[in-house]
Amino acid sequence: MAGDSSFDIVSKIDHQEVDNAINQTAKEVSQRFDFKNTGASVKRLGESSIEVTANADERALAVVEVLKERLIKRGQSLKILDVGEPRTSGKEVKVAVDLKEGITQEQAKKIGKLIRDEGPKGVKVQVQGDELRVSSKKRDDLQAVIALVKGEDYDFAVQFTNYR
């Protein structure tokens, strides 16, 4: 195993960048004329949830769009977001936005099957919790696997770490 090179396929969130995007969104919402007197706000609820509040469905969804723009500018994939339906709570409309992190077992199997079927021969894939370890004797094969996985369109964000 000493001659093998490897890398990990993960789905992680940069929480600092998400916090920065939320803060920028809150600042923009407080300053923009079209959000004046709409009760529009955005706040973080714990590690994996964001709550958007406004006085109408359209306003709440507009705040979600501003949040998406800020996340893109901060280099975050929109696949980390799971935007819920607007729900009325008294005079307010709230939208729950969940943050998706980690690769599920079925997603890991899907990636592993893709690499085994279409990837170079001699590449090994191991599922380790919520990430995948891909190893091979040839670094070129690992580069080919990265290109293959990047080329696929998954419903979750994918990053490559620990390349060695």
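Residues numbered from 1 in each chain as written. Predicted model: local features only at pLDDT ≥ 70, side-chain atom pairs only at ≥ 80, totals over all residues. Heavy atoms only, no water.

## What about the nonpolar core?
The nonpolar side chains of a soluble globular protein tend to be buried with one another. Judged by nonpolar contacts, the single largest core of 24 residues is most densely connected at Val18, Ile50, Val52, Val63 and Val97. For this core, the elements supplying multiple residues, two or more each, are α1 (15-31), β3 (49-54), α2 (57-73) and β6 (92-99). With six residues, α2 is the single largest residue contributor to this core. In this structure Val97 touches Ser48, Ser49, Ile50, Val52, Val64, Leu81, Asp82 and Val83, once residues within four positions along its chain are discounted. If you look at the next biggest cluster of nonpolar residues, it comprises 18 residues, including Ile103, Val134, Ile146 and Tyr154. (Core = buried A, V, L, I, M, F, W, Y, C linked by side-chain atoms within 4.5 Å. Buried < 20%, exposed > 50% of the residue type's maximum accessible area, 1.4 Å probe, protein only. Helix = DSSP H or I, 4+ residues; strand = E, 2+ residues; numbered from the N terminus. Contact = heavy atoms within 4.5 Å.)

## Looking at unusual backbone geometry
Phi angles above zero are rare outside glycine, and Asn37 is one such case at about 55 degrees. Along the chain, Asn37 turns up in the loop between α1 and β2 (41-44). Despite not being glycine, Asn162 shows a phi value in the positive range, around 55 degrees. If you trace the backbone, Asn162 turns up in the segment after β9 (159-161). Of the residues examined, Asn162 reaches a relative accessible area of 42% and is grouped as partly exposed.

## Regarding the sheet that holds strand β7 (residues 124-128)
Spatial strand order, β7-β8-β1-β9: four strands in an open sheet with antiparallel pairing. Each edge of the sheet is formed by a strand with only one pairing partner; in this case those strands are β7 and β9. Within the sheet, the average angular offset between the axes of one strand and its neighbour, ignoring direction, is 25 degrees. Strand direction decides the pairing type here: strand β1 (residues 5-10) and strand β8 (residues 131-136), joined by five bridges, are antiparallel. Residue pairing across strands places Asp8 opposite Arg133, the latter belonging to β8. (Pairing = 2+ DSSP bridges. Axes fitted to C-alpha atoms, helices over the stretch in contact; angles between N-to-C directions.)

## Looking at the pattern of salt bridges
One pass over the full model with this rule turns up 14 salt bridges. With a closest N to O distance of 2.8 Å, Asp34 and Arg32 form a salt bridge. Residue Lys43 pairs with Glu51 through a salt bridge whose shortest N-O separation is 3.7 Å. (Salt bridge = Lys/Arg side-chain N within 4 Å of Asp/Glu carboxyl O.)

## Quick look at the pairing of β6
Where β3 meets β6, six bridges bridge the pair, whose relative direction is antiparallel. Paired with Glu51 across the bridge in β6 is Ala96. Across three bridges, the pairing between strand β4 (residues 81-83) and β6 is antiparallel. Note on β6: the bridge partner recorded for Val83 is Val97. A loop of two residues connects strand β5 (residues 87-89) with β6, the two strands running antiparallel in sequence, and Gly90 in this loop sits at a positive phi of about 70 degrees.

## Considering α1
The end-to-end C-alpha distance of α1 is 24 Å, a good match for the 24 Å that 17 residues give at a rise of 1.5 Å each. Taken residue by residue, α1 has Val18, Ala21, Ile22, Thr25, Glu28 and Val29 as its buried positions. For α1, the angular spread of buried residues about the axis comes to 130 degrees, placing them on one side. Of the exposed residues in α1, the ones pointing more than 90 degrees away from its buried face are Asn23, Lys27 and Gln31. Looking at the packing, one finds that the buried side of α1 touches β2, β3, α2 and β6. (Expected span 1.5 Å × (residues − 1). Arc of directions from axis to C-beta.)

## Quick look at the packing of helix α3 (residues 105-118) against helix α4 (residues 139-151)
Relative orientation of the contacting elements α3 and α4 amounts to 125 degrees, with a least axis distance of 11 Å. Between α3 and α4, the angle is such that the two are oblique. In this structure, the crossing between α3 and α4 has a hand that is right-handed. In contact with Ile111, Leu114, Ile115 and Glu118 of α3, α4 contributes Val145, Leu148 and Val149. For the contact of α3 with α4, the residue count by class is six nonpolar, no polar and one charged. (Parallel < 35°, antiparallel > 145°, perpendicular 65-115°, else oblique. Left-handed = near helix turned anticlockwise from the far one by under 90°. Nonpolar A, V, L, I, M, F, W, Y, C, P; charged D, E, K, R; others polar.)

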